[in-house]
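Below, each chain spelled out in residue letters.
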Amino acid sequence: ARILAKLMVKIGNGLKRDTRAVLSNMDEPLGLAVGNALEVKEAIAALHGEGPEDLMELCYIGGAIMLEQAHICKDYNHGRKMLEECIKDGSAFNKFLEMVEAQGGDVQYILHPEKFEVAKNIIPIYAKEEGYVKSIDALVIGLSSMTLGGGRETLDDVIDMSAGIMLNKKVGDYVKEGEVLCWLHSNKNVTLINRVAKNVFDAFKISKKKKKKPKVVLEVIQ
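Residues numbered from 1 in each chain as written. Predicted model: local features only at pLDDT ≥ 70, side-chain atom pairs only at ≥ 80, totals over all residues. Heavy atoms only, no water.

(A) Examining helix 1 (residues 2-14) more closely. With 13 residues, helix 1 ought to run about 18 Å at 1.5 Å a step, and its terminal C-alpha atoms sit 18 Å apart, in line with that. Residues Ala 5, Val 9 and Gly 12 constitute the buried set of helix 1. Buried residues along helix 1 cover an arc of 65° about the axis, so they all sit on one side. Opposite the packed face of helix 1, turned more than 90 degrees from it, sit the exposed residues Ile 3, Lys 10 and Gly 14. (Helix = DSSP H or I, 4+ residues; strand = E, 2+ residues; numbered from the N terminus. Expected span 1.5 Å × (residues − 1). Buried < 20%, exposed > 50% of the residue type's maximum accessible area, 1.4 Å probe, protein only. Arc of directions from axis to C-beta.)

In structure tokens form, the structure reads like this:
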């Protein structure tokens, strides 16, 4: 990733374009939501300043860099403060409403996220031991969300906008035996959901040793 990022930045800068690359941590899913409507609801929460910590951090970092590139702010720190203020005063959320309306979307869903369709089956995945979440296999979670209906395996597959996975624990979190690691959202049959449930359970690795929460941004290349 670093080699590719450096090459792309070199190409962009060679064309006299301010080009920067953000290497972000993808060892676990970003945020808590995996799936279409679930992610939209999480994005709405983020625009109210209530998104998961890692998602908010990535948005602030990426946004501040772009403001700096556009010469709208003095430096990165100034740009970040501008973004935080836009979230706080509601102007970021209002701009999103304008964008949805301009594209013919129904803003009532943005104003009232509870209007989004909810899957018939919401299945909790429980921890069988206590400890700290050591790792979450992001690829397994993504493929599992697809199998639950949240993505296409073939061109003919129809995406179920309500399907996906909601994480309750992230890497570094303490978990007790019997606590919920995540919830599966699906309208598929129980046999398929149970098969996915085993894969999702196995995607979480628990350790007795305390694990530091990972950095969301590993490096910025410019």
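Here the narrative resumes.
(B) Representation of the sheet that holds strand 5 (residues 164-167). Here we have 4 strands laid out as an open sheet, ordered 2-5-7-3, and antiparallel in their pairing. Among the strands making up the open sheet, the edge pair consists of strand 2 (33-34) and strand 3 (121-126). Bridge count between strand 3 and strand 7 (residues 180-186): 6 bridges; the pairing is antiparallel. Directly across from Pro 124, in strand 7, lies its bridge partner Trp 183. Helix 7 (residues 138-150) contacts strand 2, strand 5 and strand 7 of the sheet and is inclined by roughly 135° relative to strand 5. (Pairing = 2+ DSSP bridges. Contact = heavy atoms within 4.5 Å. Axes fitted to C-alpha atoms, helices over the stretch in contact; angles between N-to-C directions.)

(C) Here's a closer look at the packing of aromatic side chains. On inspection of all chains with the given rule, the structure shows 2 aromatic pairs. Arranged with centres 5.2 Å apart and planes meeting at 65°, the rings of Tyr 109 and Phe 116 form a pair that is edge-to-face. One Lys or Arg, Lys 115, reaches over the ring of Tyr 109 and ends 5.2 Å from the middle of that ring. Over the aromatic face of Phe 201 sits the side chain of Lys 128, whose NZ or CZ is 4.9 Å from the ring centroid. (Phe/Tyr/Trp six-rings, centres within 6.5 Å; stacked < 30°, edge-to-face > 60°. Lys NZ or Arg CZ within 6 Å of the ring centre and 35° of its normal.)

(D) Just unusual backbone geometry, in detail. One non-glycine residue with positive phi stands out, namely Lys 16, at about 60°. In this structure, Lys 16 sits in the loop between helix 1 and strand 1 (21-24). Judged by its relative accessible area of 73%, Lys 16 is exposed. Although it is not a glycine, His 71 adopts a positive phi angle of roughly 60°. Inspection of the secondary structure puts His 71 in the loop between helix 3 (53-69) and helix 4 (76-88).

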